[in-house]
Amino acid sequence: MSEVLAEAQQRHWQDTYTTHPGMYGEQPSEPAVHAAALFRTAGAGDVLELGAGHGRDALYFARQGLTVQAADFSATGLAQLRAAARDLGVDDRLSCSVHDVREPLPLPDDSVDAVFAHMLLCMALSTREIHTPVGEIRRVLRPGGTFVYTVRHTGDAHYGTGIAHGDDIHEHGGFAVHFFPRHLVDTLAQGWSLEEVHPFEEGDLPRRLWRVTQTLPH
């Protein structure tokens, strides 16, 4: 995305979390519940969540006994996550870092068992920029590791409407979304085992998404 759009989106998320703390509530998302069960079955001990926001899913992973590294580009959202983790007594299993997914992850190679990203890759990222976090996820995952992510897709009611920024990115109410065509999912899975592309709906519109599960070969 352009620097202007990126800065505007970061300000918008910061302002939104400040105005509406805990805006997504305390209950985990359905994809997070699914992912936690999948991670536990695979024997994962630690998980990296990208785009953690105020942390409803990161907190759920921690309550399930996983060690969680939560990253987001909103310091405001992460501050709310840290406070909630202390209140729930899981702060010893959770760490937070401010991170822009257009930049390399500050983690060593082969250092996490699983990665989760709920609607992060469909933020205001260009197709080229989306390849950066997926490449970094591949680098930091251990062999056999699992990556679960969700994205809004081109079957969503908002696709093709609102303010068009090009590259399948459309803006509604200040939030810009990159709507995924199916071929982009397949491209991002090259070199992985693509286990599942599960369609689901979320919210009042409703938003139409895919939950994608892919694993690294051993």
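Residues numbered from 1 in each chain as written. Predicted model: local features only at pLDDT ≥ 70, side-chain atom pairs only at ≥ 80, totals over all residues. Heavy atoms only, no water.

**Q** Just to check I follow, could you spell out the sheet that holds strand β7 (residues 169–172) for this structure?
**A** One key point about sheets: their strands pair by backbone hydrogen bonds, in either a parallel or an antiparallel sense. If you walk across this open sheet you meet the three strands as β6-β7-β8, and the pairing is antiparallel. One side of each edge strand has no neighbouring strand; the edge strands of this open sheet are β6 (163–166) and β8 (175–178). Each neighbouring strand pair of the sheet contributes to a mean axis angle of 25°, computed without reference to strand direction. As defined by bridge partners, β6 adjoins β7 across three bridges and the pair is classed as antiparallel. Bridge pairing links G166 to I169 in β7. (Pairing = 2+ DSSP bridges. Helix = DSSP H or I, 4+ residues; strand = E, 2+ residues; numbered from the N terminus. Axes fitted to C-alpha atoms, helices over the stretch in contact; angles between N-to-C directions.)

**Q** What is the right way to look at the sheet that holds strand β1 (residues 46–50) in this model?
**A** Within the open sheet, the seven strands sit side by side as β3-β2-β1-β4-β5-β10-β9. Their pairing is mixed. Two strands close off the open sheet at either side, each with one partner strand: β3 (94–98) and β9 (193–202). Averaged over all pairs of adjacent strands, the angle between strand axes in this sheet comes to 15°, irrespective of strand direction. As defined by bridge partners, strand β5 (residues 141–152) adjoins strand β10 (residues 207–215) across seven bridges and the pair is classed as antiparallel. Residue pairing for β10: Y149 is matched across the bridge by V212. The strands touched by helix α2 (residues 30–41) are β1, β4 (112–118), β5, β9 and β10; relative to β4, the strand with the most contacts, the crossing angle is about 170°. Where helix α5 (residues 127–140) meets the sheet, it contacts β1, β4 and β5, and its direction lies at approximately 150° from that of β5. (Contact = heavy atoms within 4.5 Å.)

**Q** Honestly, the environment of H54 in this entry has me stumped. Any pointers?
**A** Along the chain, the position of H54 falls in the loop between β1 and α3 (56–63). For H54, a relative accessible area of 7% puts it in the buried group. C-alpha separation for the pair H54 and A83, spaced 29 residues apart in sequence, amounts to 9.6 Å. (Buried < 20%, exposed > 50% of the residue type's maximum accessible area, 1.4 Å probe, protein only.)

**Q** How should I be thinking about the pairing of β7 in this particular structure?
**A** Along a regular strand, successive side chains alternate from one face of the sheet to the other. As consecutive antiparallel partners, β6 and β7 are separated by two residues, and within that stretch D167 has a phi angle of approximately 60°, a positive value. Pairing between β7 and β8: four bridges, direction antiparallel. The partner of H172 across the bridge, within β8, is F175. Between β7 and β8, which pair antiparallel one after the other, the connecting turn spans two residues, and G173 there sits at a positive phi close to 60°.

**Q** Sorry if this is basic, but what is going on with helix α4 (residues 75–88) here?
**A** Within an α-helix, residues lying three or four positions from one another point in the same direction, as the helix has 3.6 residues per turn. Between the first and last C-alpha of α4 there are 20 Å, a value that for 14 residues agrees with the 20 Å anticipated at 1.5 Å per step. Taken together, the buried positions of α4 are G77, L78, Q80, L81 and A85. On an axial view of α4, the arc spanned by its buried residues comes to 155°, and they lie on one face. Opposite the buried face of α4, by more than 90 degrees, sit the exposed residues R86 and D87. At the exit of α4 stands G89, carrying a positive phi of roughly 75°. (Expected span 1.5 Å × (residues − 1). Arc of directions from axis to C-beta.)

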